[in-house]
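These are the residues of each chain, in order.
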Amino acid sequence: MSYSREVDKKWQKKWEESKLYKFDRDKLDKKLYCLEMFSYPSGAKLHVGHWYNFGLTDSWARMKRMQGYNVFHPQGFDAFGLPAENYAIKTGIHPMDSTMKNIETMKRQLKEMGATFDWDYEVITCAPEYYKWTQWIFLQLYKKGLAYRKNAPVNWCPSCKTVLANEQVVDGACERCHSEVTRKNLTQWFFKITEYAQELLDCLPALDWPEKTKKIQTNWIGRSEGAQIEFKVENGDKSSEEITFNVFTTRADTLYGVTYVVLAPEHELVDKITTPEYKDAVEEYRRQVNKVSEIDRLSTTREKTGVFTGAYAIHPLTGENVQIWIADYVLAGYGTGCVMAVPAHDERDYEFATKYGLDIIRVIKGKEGVDDTLPFVEDGILTNSQEFDGVSSEDARLKIVDKLSKQGKGELKVTYRLRDWLVSRQRYWGAPIPVVHCEKCGIVPVPEDQLPVELPYDVVFTPDGESPLAKCESFINTVCPTCKGPAKRDSDTLDTFVCSSWYFLRYPDNKNDKEAFNTEWINKILPVDKYVGGAEHAAMHLLYARFFTKALRDMGYLNFDEPFLSLIHQGTILGSDGQKMSKSRGNTVTPDEYINKYGSDVFRMYLAFGFAYIEGGPWSDDGIKAIDRFIGRINRVIEEVIAERGKSSSKNMGADEKELNFVRHNTIKSVTQDTDQFQFNTAIARLMELVNAIYKYDMKTDKNYDLMEETLKDLLKLLSPFAPHFTEEMWESMGEKYSIFNQNWPVYDEKALVKDEVEIAVQFNGQIRFRTNVPTDSDNKEIEDIVKNDPRSAQYLEGKNIVKVIVVKGRLVNIVVK
RNA sequence: GCUCGAGUGGUGGAACAGGCAGACACAACGGACUUAAAAUCCGUCGGACUAACCCUCCGUGCCGGUUCGAGUCCGGCCUCGAGCACCA
């Protein structure tokens, strides 16, 4: 049967019946955990991106399987989240219903892809059996002090009507709907990811991850080394309590240049220190700051503003009084929320001091020849700094802090840009937060034996800023587990990123109803050996999942440090116009159409061949036709060879046979290497070369059919990861035993790769003049002689002296003449 | 502004670790088969020079350098993309 949709169906059925891809739980010495980022069932159908991600990773997994690995390759659905809820608001269809329906469709399509997924290990995050354990993890984090509630200015998306994590705010706008994010003071749940900031950084270098992704995480964590320095607030009469505050600085060397200090307008000390006569001005300023949008506040081009509080701080070394200002260029959430201002050596402070007429004192001189016009922000030599005059910036940073620390006024300090992860959401479609609020007992975690806290079905989920669950009487009212008095459940749900931060731990033990996962078992299957998914998750999912892994390890539930040893991001497939695919542009590619016309294998193989995997690129209908033709070419030559069986076959291993055999083994070598590295386009190219070589050999009259058949069988095996249905069909038609996927992956023969003669390039002074054949085993001297004696060399050697001869074995000879 | 990536034929894209640039395809063109077309099979295919072939010269964003030899390494630009961005 020539390749078609029918062939796909035939083999999908057979694979399922024979349980070909079931994971062997007993053979763990060669286990390989291959994972794609699971899909979000928002749209009803798989798009090209899914195929690109899943189909090709499956090809990789198939090769690994044939190489003898026991591949664990599960699939599941990241099923909670806003799109389903928004869809429900629009259509009235309950998120649970639409989600389950989408999952059903997507699952069917995933099966049509013909992938090796073992569906026995499926995970659906919106199922109570799953989120029970999401809640359980929440409770463990809570017990460990890694989940806590605090009142803080948080990001609020007015369109999604919920708070967002920092990672979900892009350029001051909601990552999902692009509305401008506003700031609100709210009490919310946070996960203390900052506790792991240093380890999250330290483990990055050893990971086999794209450098870019590591860079994004490094930036996001934002480690900064500096010092924390204590300032006292001046209080004239000394009767009242002493107030101090700390500033964080990376430039302790400029300490003597401090002419004022600045607090963030939100800083808690502001009310305490502001003098009565400045109270109105300060209040007015804070009101203005509140009105400024987050985007404007973050703009570096905006003119700086601020007001004097009337209070003074005492410089820790000089004892002089410096003014305390508040200004919104100081951020409440970073460092200590206060800075020491050194206008001479900081552009921001310089701009501010100039505007408000504050003193500017130079304390750093440029090294010789350096233009040190103020503001001079580079390192240099200290001046106006008492005993530190003449010391370099680098040394002074340590020495000044040393002096401060002896007086208990300062210390070296590392600060991170990373903030704690805000996890509560004022929305319906998520895992309920498993705590109870009791008037008497306060926050009480739901006892583990009462999990899951089930998400009620009948809820009015129109978002209005208040959590929909708060309005669901039957849900919200409960009894306090401690005092048995009336209490209320937490009405917020967890960010969906919480669900996806541990799904890879659940897969291997998805049916466990006693625990989230069995530690002993999970330690055998994890970590994930190969993880493949989009680059957009670099600072979110991938960071959160690492944090969860480390936290669970420290609680004794795991024994490994990192969840994903090796990571690859697939590129993006664009529309044929080179633009991002979108319905509004009308350039979307619907996989189903192509599958029906060409079959799953052709579609998958085009995705493999047409793009550099990590780059992606524009879709082309012509490209897919080329693959269809390629499949046809293979089909025809196999049919022909089968038809010729029984005819006399030469046993000859002449030059043509050797050439075919060379290409065959060279193909084995390259396809193995390329596929291993996700370079599918070149792997397919090598297979095309092999087919071309077979066709060339086929033109001969006196053929060695045995060699041809062996070569074809190798071809089928090498092609099978990319065209599983087609090759299975061809394999069967050649009379071979089911299944091709139980065959060993071919191994190349080194001897076949050694040719008798090799063509090398001959250069004179680096310019290629001609090419010539030399015996492969000849040494440098022999090669040199062959080339020198070549009549074509004469014109380049005539009247010249040979200065040098460079021989690169098997490639070229370069003769330098003068 | 800072920090990374990337720029290769008409197109998608190759090129191990500094060693024959353009693999493999697409498109285009030519030939075979065919009454014809499609399909298929074979071939040509960076540019300039040339009637054509050979030869020669130019050619991996631009300018310069290192080297026997540079798409690849170094310095300086240009363009595009990404990340961070008042982070003290």
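For clarity, every value in this text was computed on a predicted model and none was experimentally measured.

Trainee: How would you explain the state of the cysteines if you had to name every residue and give the values?
Mentor: One pass over the full model with this rule turns up zero disulfides. Cysteine Cys438 shares no disulfide, and the gap to the nearest cysteine sulfur, in Cys483, comes to 3.6 Å. The cysteine Cys472 is free of any disulfide, with Cys126 supplying the nearest cysteine sulfur at 18 Å.

Trainee: Summarise the protein's contact with RNA strand B; cite the residues concerned and give the values.
Mentor: Near RNA strand B, the surroundings consist of 59 residues, among which Lys304, Arg348, Arg417, Arg811 and Asn814 are the closest. In RNA strand B, atoms within 4 Å of the protein come 65% from sugar and phosphate. Gln763 has a polar side-chain atom sitting 3.5 Å from a base nitrogen of RNA strand B. For RNA strand B, a base nitrogen lies 2.2 Å from a polar atom in the side chain of Arg811. Grouping the constituent residues of the surface near RNA strand B by class yields 23 nonpolar, 17 polar and 19 charged.

Trainee: Which residues make up the layout of surface pockets, and what are the values?
Mentor: A water-sized probe, rolled over the atoms, reveals where empty space remains. Roughly 1300 Å³ of volume is contained in the second largest pocket. Looking at the second largest pocket, it is lined by 41 residues, and the ones nearest its centre are Asn166, Ala332, Gly333, Tyr334 and Arg419. Mapped onto the lining of the second largest pocket, the elements with two or more residues apiece are strand E5 (147–157), strand E7 (169–170), strand E9 (182–191), helix H10 (294–298) and strand E18 (410–416). For the lining of the second largest pocket, the leading source of residues is E5, giving six residues. Classifying every residue of the lining of the second largest pocket gives 17 nonpolar, twelve polar and twelve charged.

Trainee: Residue-level account of the side chain of Ser491, with values.
Mentor: Tracing the chain through its elements places Ser491 in the loop between strand E24 (486–489) and strand E25 (493–494). Judged by relative accessible area, Ser491 falls into the buried class, the value being 18%. In contact with Ser491, not counting residues within four places along its chain, are Ser467, Leu469, Ala470 and Ile476.

Trainee: Let's hear about the pairing of strand E30 (residues 757–764): which residues, and what values?
Mentor: Relative to strand E31 (residues 767–775), E30 runs antiparallel, the two sharing eight bridges. Counterpart to Phe764 in the pairing with E31 is Gln767. Adjacent in sequence and paired antiparallel, E30 and E31 are bridged by two residues, among which Asn765 carries a positive phi angle near 50 degrees. Note: E30 against strand E33 (residues 812–817), four bridges, orientation parallel. Bridge pairing in E33 links Val762 to Val813.

Trainee: Go over the packing of aromatic side chains, please, and point to the residues and values.
Mentor: All told, the structure shown has 62 aromatic pairs when counted by the stated rule. Between Tyr52 and Phe611 the ring centres are 5.9 Å apart and the planes differ by 75 degrees, which places this aromatic pair in the edge-to-face class. Note that Tyr52 is positioned in helix H2 (residues 48–66) and Phe611 in the loop between helix H19 (600–609) and strand E29 (616–618), a separation of 559 residues in sequence. We note that Tyr52, like Phe611, is buried. Aromatic pair Tyr52 and Tyr613: ring centres 4.8 Å apart, planes at 45 degrees, arrangement tilted. Of this pair, Tyr52 sits in helix H2 while Tyr613 sits in the loop between H19 and E29; the two residues are 561 residues apart in sequence, bridging distant segments of the chain. What makes Tyr52 buried here is its relative accessible area of 1%. Put simply, the rings of Trp51, Tyr52, Trp60, Tyr594, Phe603, Tyr606, Phe611, Tyr613, Trp619, Phe678, Phe680 and Phe722 touch in pairs and so form one group of aromatic residues. When the ring centre of Tyr738 is taken as reference, the NZ or CZ atom of Lys14 above it lies at 4.5 Å. Sitting over the ring of Trp209, Arg546 keeps its end group 5.7 Å from the ring centre.

Trainee: So what about helix H1 (residues 5–17)? Which residues, and what values?
Mentor: Since the α-helix packs 3.6 residues into each turn, any two residues three or four apart lie on the same face. With 13 residues, H1 should cover 18 Å at 1.5 Å per step; its first-to-last C-alpha distance of 19 Å lies within 8% of that length. Among the residues making up H1, those that are buried are Arg5, Val7, Asp8, Trp11, Gln12 and Trp15. Along the axis of H1, the buried residues cluster in a sector spanning 150 degrees; they form a single face. Set apart from the buried face of H1 by more than 90 degrees, the exposed residues are Lys13 and Glu17.

Trainee: Lay out the confidence of the model for chain A with the relevant residues and their values.
Mentor: Residues at a pLDDT of 70 or more form 99% of chain A, whose mean pLDDT is 91. No element of chain A has a lower mean pLDDT than H10, at 71, and none a higher one than helix H15 (residues 503–506), at 98. Both confidence scores are given for the complex: pTM 0.93, ipTM 0.94.

Trainee: Tell me about the sheet that holds strand E22 (residues 442–445), residues and numbers included.
Mentor: In a beta sheet, neighbouring strands are held together by backbone hydrogen bonds and run either parallel or antiparallel to one another. Read from one edge of the open sheet, four strands run E22-E21-E24-E23, paired in antiparallel fashion. Of all the strands in the sheet, the pair left with one neighbour each is E22 and strand E23 (477–479). Neighbour-to-neighbour, the strand axes of the sheet open up by a mean angle of 40 degrees, direction not taken into account. Here strand E21 (residues 435–438) runs beside E22; their pairing, made up of four bridges, is antiparallel. Within E22, the residue paired with His437 across the bridge is Ile443.

Trainee: Describe in detail the environment of Trp220, supporting the description with residues and values.
Mentor: With respect to the helices and strands, the residue Trp220 is situated in helix H7 (residues 211–221). For the pair Trp220 and Ala539, spaced 319 residues apart in sequence, the C-alpha to C-alpha distance is 6.9 Å. If sequence neighbours within four positions are ignored, Trp220 has contacts with Asn166, Glu167, Arg417, Leu418, Ala539 and Leu543.

Definitions and limits used
Residue numbering note: each chain is counted from 1, following its sequence as written. Chain letters start at A and ligand numbers start at 1, both assigned in the order the entries are written. With pLDDT at 70 or above as the cut-off, local features in this predicted model cover only qualifying residues; side-chain atom pairs require 80 or more to be listed or tallied, and sums for whole chains, interfaces and linings still use all residues. Excluded from the side-chain calculation are hydrogens and water; included are all heavy atoms of the structure. The disulfide definition used here is simple: a pair of cysteine sulfur atoms within 2.5 Å. Residues are labelled near a given molecule or strand when at least one of their non-hydrogen atoms is within 4 Å of it. Two N or O atoms count as a polar contact when they lie within 3.5 Å, although within protein this holds only if one can serve as hydrogen donor and the other as acceptor, and sequence-adjacent residues are included solely when both atoms are side-chain atoms. The classification used treats Ala, Val, Leu, Ile, Met, Phe, Trp, Tyr, Cys and Pro as nonpolar, Asp, Glu, Lys and Arg as charged, and all other residues, Gly among them, as polar. We place a 1 Å grid over just the protein atoms. Points where a 1.4 Å probe fits but has no way out form a cavity, open points with protein on both sides within 12 Å along at least 5 of 7 lines form a pocket, and any residue with an atom within 4 Å of a point lines it. Grid points are joined across faces, edges and corners, and a volume is the space filled by probe spheres set on the points. Per the convention used, a helix needs a DSSP run of H or I reaching at least four residues, while a strand needs a run of E reaching at least two, with both numbered from the N terminus. Burial status follows relative accessibility: with a 1.4 Å probe on protein chains alone, a residue under 20% of its type maximum counts as buried, one over 50% as exposed, and anything between as partly exposed. The contact definition used throughout considers only heavy atoms, calling two residues in contact when any of these lie within 4.5 Å. Note: two strands are recorded as paired if DSSP finds a minimum of 2 bridges between them. In this scheme Phe, Tyr and Trp rings, the latter by its six-membered ring, pair at centre separations within 6.5 Å, and the angle between planes marks the pair as stacked below 30 degrees, edge-to-face above 60, and tilted otherwise. When the NZ atom of lysine or the CZ atom of arginine is within 6 Å of a ring's centre and also within 35 degrees of its normal, the charge is said to sit over that ring. Expected span of a helix, by definition, is 1.5 Å for each gap between consecutive residues, and there is one gap fewer than residues. Comment: arc refers to directions from the helix axis out to C-beta atoms. pLDDT is defined as a per-residue confidence score from the predictor, taking values between 0 and 100. Lines are fitted to the C-alpha atoms to define the axes, a helix being fitted only along its stretch in contact, and any angle between axes, read from their N-to-C directions, falls within 0 to 180 degrees.

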